[in-house]
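The chain contents come next:
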Amino acid sequence: MTPTELVQQACPKIGTLGAAFYFVPDTLAKGKEMDLDGFRFYFLGRGGVLGDVEPPVVEAAFGYFAPGLVEKIWTSAKAKASPRAAATAYTECAHALGRAKLADMPGLDAYVEAAGAINDAAKADVASLSLYAAHAADPLADDAPARAMQLTALLREFRGSAHLSAHRVLGLSHQVGHAIKRPDDVKTFGYDPAPEVTDADRALHADIEAATDKMVLAAYSAVDVDGANALVAGLDAMETALAG
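Residues numbered from 1 in each chain as written. Predicted model: local features only at pLDDT ≥ 70, side-chain atom pairs only at ≥ 80, totals over all residues. Heavy atoms only, no water.

## Some points on the layout of surface pockets
When its volume is computed, the largest pocket comes out at roughly 670 Å³. Along its surface, the largest pocket is lined by 30 residues, and Gly15, Tyr64, Arg156, Lys181 and Arg182 are the ones closest to its centre. The set of elements that each furnish at least two residues to the lining of the largest pocket consists of α1 (3-17), α3 (38-47), α4 (55-62), α9 (144-170) and α11 (199-220). Looking at the lining of the largest pocket, the element that brings in the most residues is α9, giving eight residues. (1 Å grid on protein atoms, 1.4 Å probe; cavity = no way out; pocket = protein on both sides within 12 Å on 5 of 7 lines; lining within 4 Å. Points joined across faces, edges and corners; volume = space filled by probe spheres on them. Helix = DSSP H or I, 4+ residues; strand = E, 2+ residues; numbered from the N terminus.)

Following this line, the structure appears as structure tokens:
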């Protein structure tokens, strides 16, 4: 398996699995303990690694969300809880899901080793990847099930941050990109009416996806063929474990 093939096989699964803890019942319950609903815990938990910042900073790091929605949710959330405390709690929710679901996952240790190597390579150059860099600065869990879930979330943030940069370079607005990728979620992200999308936009978005793959390729090249196979096999096993 080549690094390019690894990126193409692994990243779509990482995009889904890395977000698996966001809105599960235990995460929602943890947010409730902090007087945060699910959406506010998501904002403060995922963005709180940036610190007690102003809404435009979160808007820049998240992309996709309408500025008015970011200001409303971020401001009301941080009035109830410290962003950094919420971020720590959110990462602990990722750990908890890993411990609950991944302890018996086949190939767990090999997956953690491969994902860790890619994450280490990604951390070597975090220019323009602000949200990923902030998450990557936090320590990893000591135990393999929790670390596996945390690393998957980190690699999701890695490609997500790169994807935002690719949008900027190739000249497609994040709003239009989001409407192409998640057309059913446009209102949830604060846009009503939805941005207009053209065939040219869709073609450009395909170029952005390809450019994003190139941007993360060096980090995914940090593993050899055995590591690549372990990563893909681990993602398949994780998919099964989390669905169970």
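That shown, we press on.
## As for the environment of Gly177
Counting through the fold element by element, Gly177 comes out in helix α10 (residues 174-181). Look at Gly177 and you get buried, because its relative accessible area is 1%. Residues Gly177 and His205, 28 residues apart in the sequence, show an inter-C-alpha distance of 6.4 Å. Not counting residues within four places of it along the chain, the set of residues in contact with Gly177 comprises His167, Leu172 and His205. (Buried < 20%, exposed > 50% of the residue type's maximum accessible area, 1.4 Å probe, protein only. Contact = heavy atoms within 4.5 Å.)

## A short note on helix α7 (residues 108-123)
If you check α7, its first and last C-alpha atoms are 22 Å apart, about what 16 residues at 1.5 Å a residue would give, namely 22 Å. Among all positions in α7, only Leu108, Tyr111, Val112, Ala114, Ala115, Gly116, Ile118, Asn119 and Ala122 are buried. Those residues of α7 that are buried are in contact with α8 (130-136), α9, α11 and α12 (225-243). (Expected span 1.5 Å × (residues − 1).)

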